[in-house]
Amino acid sequence: MSNATMTKPEAPATTVETVRSGPTFKPAVDIMETEKSLLLVADVPGAAPDGIEIDFEKGTLTIRASVANRGPREGSRLLLNEYGVGGLLRPVQVGGRLDAGNITASVNAGVLTVELPKAKAAQKRKISVRTA
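Cut-offs applied
- Residues numbered from 1 in each chain as written.
- Predicted model: local features only at pLDDT ≥ 70, side-chain atom pairs only at ≥ 80, totals over all residues.
- Heavy atoms only, no water.
- Helix = DSSP H or I, 4+ residues; strand = E, 2+ residues; numbered from the N terminus.
- Contact = heavy atoms within 4.5 Å.
- Areas by Shrake-Rupley, 256 points an atom, 1.4 Å probe, with all protein chains shown as cover.
- Core = buried A, V, L, I, M, F, W, Y, C linked by side-chain atoms within 4.5 Å.
- Buried < 20%, exposed > 50% of the residue type's maximum accessible area, 1.4 Å probe, protein only.
- Pairing = 2+ DSSP bridges.

**Topic: the overall build of the protein chain**
Piece 1. Along its length, the protein chain carries zero helices and eight strands.
Piece 2. Counting only contacts in the protein chain whose residues sit at least 6 apart along the sequence, the fraction spanning at least 24 positions is 58%.
Piece 3. Total accessible area computed for the protein chain in this model is approximately 10,400 Å², and 51% of it derives from carbon and sulfur atoms.

Below you can see the structure in the form of structure tokens.
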């Protein structure tokens, strides 16, 4: 027999909101940087585009999404239920100067992509050197 100990899988991270009932989950995100923007990609399974809210204030991007409860299909009964359903909430502190007026977002197949353009002053630029 192995000496390894079995551990119980961790429950999804939850955050309590006072204005919503039910569980709230923290979706996983990836953040990438390009020369002109930051790209944030978040998992939002089951969230419809009209159920996703994105706010940007004081350097914090906050994603909120509602996901409709789903039950067994008509004519079936639930045998196993491992997928938790609830709201999604993810605040992300993003550094640097951003052009907040031009932030865009799109969702496709449960994946949210938010593009946060850098302010012109924060974008990398090449400085030419000339002879004095």
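**Details of the nonpolar core**
Piece 1. Of all hydrophobic cores here, the largest spans 19 residues; its most connected members are Leu40, Leu112 and Leu116.
Piece 2. Of all the secondary-structure elements, those providing two or more residues to this core are β3 (37–43), β4 (47–57), β5 (60–67), β6 (87–93) and β8 (111–117).
Piece 3. Leaving out residues up to four positions away in the same chain, Leu116 has contacts with Ser37, Leu38, Leu40, Phe56, Leu61, Leu98 and Ile103.

**Here we look at the sheet that holds strand β1 (residues 24–25)**
Piece 1. The four strands lie next to each other as β1-β6-β5-β4, forming an open sheet whose pairing is mixed. Across the chains shown, the open sheet's two edge strands, defined by having one partner strand only, are β1 and β4.
Piece 2. Pairing of β5 with β6, which is carried by six bridges, proceeds in the antiparallel orientation. Along β6, the bridge assignment pairs Thr60 with Gln93.

Nothing here speaks to function; it is all geometry.
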